[in-house]
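These are the residues of each chain, in order.
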Amino acid sequence: MITGGTETARLLPWSGEGGKPCYLVGDGTGYLSRVADTIESVQLGMSAALLDHAADMLDDHKATAAQLRFLAARMAEALRDVHRIAESRGARLSLPAHDGPGGPDGMESEDDDEDLQDR
C-alpha cells in the first residue's frame, strides 16, 4: 500500500492488462471505491457458494473426473480472488502502535526485557 497524507493506494479486485494489479489512489470514499467494495462482496459470496457446491460434488460418488477438474479450476479462480481481497484489506489496516513492554499482542520479546534492564 502506498500512502500520502490521507490518500492511500488500494489494490483493486480485478487485474489490468496482462494480469497486472490495478490500484486506486484516494481516500476510500469515492465511486470507484464503492464499485470495488461491491465486486469484493460478490466475489466473496460466489466463493462461499462454490464451497457449498464443492462439498456436494465431493459427496457425489458419480461425479466425473472432468466435473471435478472443472470444479478445481473454478475453486482456483475463487481462491485467487479471495487472496487478492485479503491482500487489499490487509494493506489498508493501520499498523498497531507499540504499547510498551509486551506490545499490542501482549507478548514480551527479548528486546523488551533488555530495554527494562537498561533503565
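The following paragraphs examine the structure supplied in this document. What you see is a predicted model; the values in this text were computed from it and never measured. (Residues numbered from 1 in each chain as written. Predicted model: local features only at pLDDT ≥ 70, side-chain atom pairs only at ≥ 80, totals over all residues. Heavy atoms only, no water.)

### As for the overall build of the protein
Note the cut-off: Here a strand is any run of E in DSSP of at least two residues, a helix any run of H or I of at least four, and the numbering for each starts at the N terminus. Each residue's exposure class comes from its accessible area (1.4 Å probe, protein chains only) as a fraction of the maximum for that residue type: buried when under 20%, exposed when over 50%, partly exposed otherwise. Any two residues having at least one pair of non-hydrogen atoms within 4.5 Å are treated as being in contact. Surface exposure here means Shrake-Rupley accessible area, sampled with a 1.4 Å probe, where a residue is shielded only by the protein chains that are shown.
Within the protein, the secondary structure is distributed over three helices and three strands. For the protein, the α and β elements follow one another from N to C terminus as β-β-β-α-α-α. By residue count, 21% of the 119 residues in the protein fall in the buried class. Of the contacts made within the protein by residues no fewer than 6 positions apart, 40% connect residues no fewer than 24 positions apart. Summed over its atoms, the accessible surface of the protein is roughly 8800 Å², and 57% of this surface lies on carbon and sulfur atoms.

### With respect to the pairing of strand β3 (residues 21-26)
Along a regular strand, successive side chains alternate from one face of the sheet to the other. In plain terms, the rule: Any two strands with at least two DSSP bridges between them are considered paired.
Of the two faces of β3, only the one carrying C22, L24 and G26 is buried; P21, Y23 and V25 on the other face are not. Counted between consecutive antiparallel strands, the loop separating strand β2 (residues 7-15) from β3 contains five residues, among which G18 sits at a positive phi close to 70 degrees.

### Comments concerning the nonpolar core
This is how the line gets drawn: In plain words, nonpolar cores are sets of buried Ala, Val, Leu, Ile, Met, Phe, Trp, Tyr and Cys residues tied together by side-chain atoms within 4.5 Å.
Grouped together as the largest cluster of nonpolar side chains are six residues: L50, A54, M57, A63, L71 and A78. Looking at this core, the elements that each hand over two or more residues are α1 (31-59) and α2 (65-92). It is α1 that contributes the most residues to this core, three residues altogether.

### Structural notes on the side chain of Q43
Condition: Throughout this description, a polar contact denotes any pair of N or O atoms lying within 3.5 Å of each other; where both atoms belong to protein, one of them has to be capable of donating a hydrogen while the other can accept it, and for residues adjacent in sequence the pair is counted only when both atoms sit in side chains.
Summarising the element assignment, Q43 is placed in helix α1. The exposure class of Q43 is buried, given its relative accessible area of 12%. Of note is the side chain of Q43, whose polar atom sits 3.2 Å from the backbone oxygen of P13. Not counting the four nearest positions on each side in its chain, Q43 is found in contact with P13, D81 and I85.

### Brief notes about α2
In plain terms, the rule: Helix span is expected to be 1.5 Å times the residue number reduced by one.
With 28 residues, α2 should cover 40 Å at 1.5 Å per step; its first-to-last C-alpha distance of 41 Å lies within 8% of that length. Of the positions making up α2, those classed as buried are L71, A78, R84, I85 and S88. On its buried side, α2 packs onto β2, β3 and α1.

### Regarding the environment of R10
Mapped onto the elements of the fold, R10 is located in strand β2. Judged by its relative accessible area of 6%, R10 falls in the buried class. It is 8.1 Å that separates the C-alpha atoms of R10 and G28, two residues lying 18 residues apart in sequence. Not counting the four nearest positions on each side in its chain, R10 is found in contact with C22, Y23, L24, S33, A36, D37, E40, S88 and R92. At 3.2 Å, the side chain of R10 and the side chain of E40 are in polar contact.

### Focus on the pattern of salt bridges
Condition: Only one rule defines a salt bridge in this text: a Lys or Arg side-chain nitrogen within 4 Å of an Asp or Glu carboxyl oxygen.
Inspection of the entire model under this criterion finds five salt bridges. We note a salt bridge from D37 to R10, for which the minimum N-O separation is 2.8 Å. Taken together, the positions of D37 in helix α1 and R10 in strand β2 put the pair 27 residues apart, joining distant regions of the chain. Across the salt bridge formed by R92 and E40, the nearest N and O atoms sit 3.8 Å from each other. Here E40 lies in helix α1 and R92 lies in helix α2, a separation of 52 residues in the sequence. Several salt bridges share partner residues, and in doing so they unite R10, D37, E40, R89 and R92 into one network.

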